[in-house]
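Observations on the three-dimensional arrangement
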Amino acid sequence: QVQLVESGGGLVQAGGPLRLSCAASGSIFSIKAMGWYRQAPGKQREWVAVITSGGNTNYADSVKGRFTISRDNAKNTVYLQMNSLKPEDTAVYYCNADLRRRDYTPTQRYWGQGTQVTVSS
């Protein structure tokens, strides 16, 4: 009943910017937090950033100072602005949301399908 859809991935030159979006839709009562993970080939999935319903943010050390997470609560959408991209940022990026559905089931984590980001050198 809930769907998260990422968009904005693609190929970008090293040093360039890219902006990812993730929109949550469906039978949503409230969203506690939204975030981003990424997974590079042959690597474990890595946490990137999170933003709470109150607007507090946290970042992985590897992206701190380069990436910015933001949220449009009215649209149930989270964004990841990526600047100064490096080849090592190449990965599939997944968004997630910790949310409660309108059927009042306990808060659960939902995941998007992922979007590919490729940084060329």
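Structure's up top.
So, here's what we can say about the structure. Note that the coordinates shown come from a computational prediction; the quantities given were computed from them, not determined experimentally. (Residues numbered from 1 in each chain as written. Predicted model: local features only at pLDDT ≥ 70, side-chain atom pairs only at ≥ 80, totals over all residues. Heavy atoms only, no water.)

Notes on the packing of aromatic side chains
Summed over all chains, the structure comprises 2 aromatic pairs. The ring centre of Tyr94 lies 3.9 Å from the NZ or CZ of Arg45, which sits over that ring. A cation sits over an aromatic face here: Arg45 above Trp111, 5.2 Å from the ring centre. (Phe/Tyr/Trp six-rings, centres within 6.5 Å; stacked < 30°, edge-to-face > 60°. Lys NZ or Arg CZ within 6 Å of the ring centre and 35° of its normal.)

Brief notes about the side chain of Arg38
Of note, Arg38 is situated in strand β4 (residues 28-39). Judged by relative accessible area, which is 6%, Arg38 ranks as buried. At a separation of 3.5 Å, a polar atom in the side chain of Arg38 contacts the side chain of Ser62. Within the local environment of Arg38, its side chain forms a polar contact with the side chain of Asp89, the two groups lying 2.9 Å apart. If we skip the residues at most four places from it in the chain, Arg38 touches Gln44, Arg45, Glu46, Val48, Ser62, Val63, Phe67, Asp89, Ala91, Val92 and Tyr93. (Helix = DSSP H or I, 4+ residues; strand = E, 2+ residues; numbered from the N terminus. Buried < 20%, exposed > 50% of the residue type's maximum accessible area, 1.4 Å probe, protein only. Polar contact = N/O pair within 3.5 Å; in protein donor to acceptor, adjacent residues only side chain to side chain. Contact = heavy atoms within 4.5 Å.)

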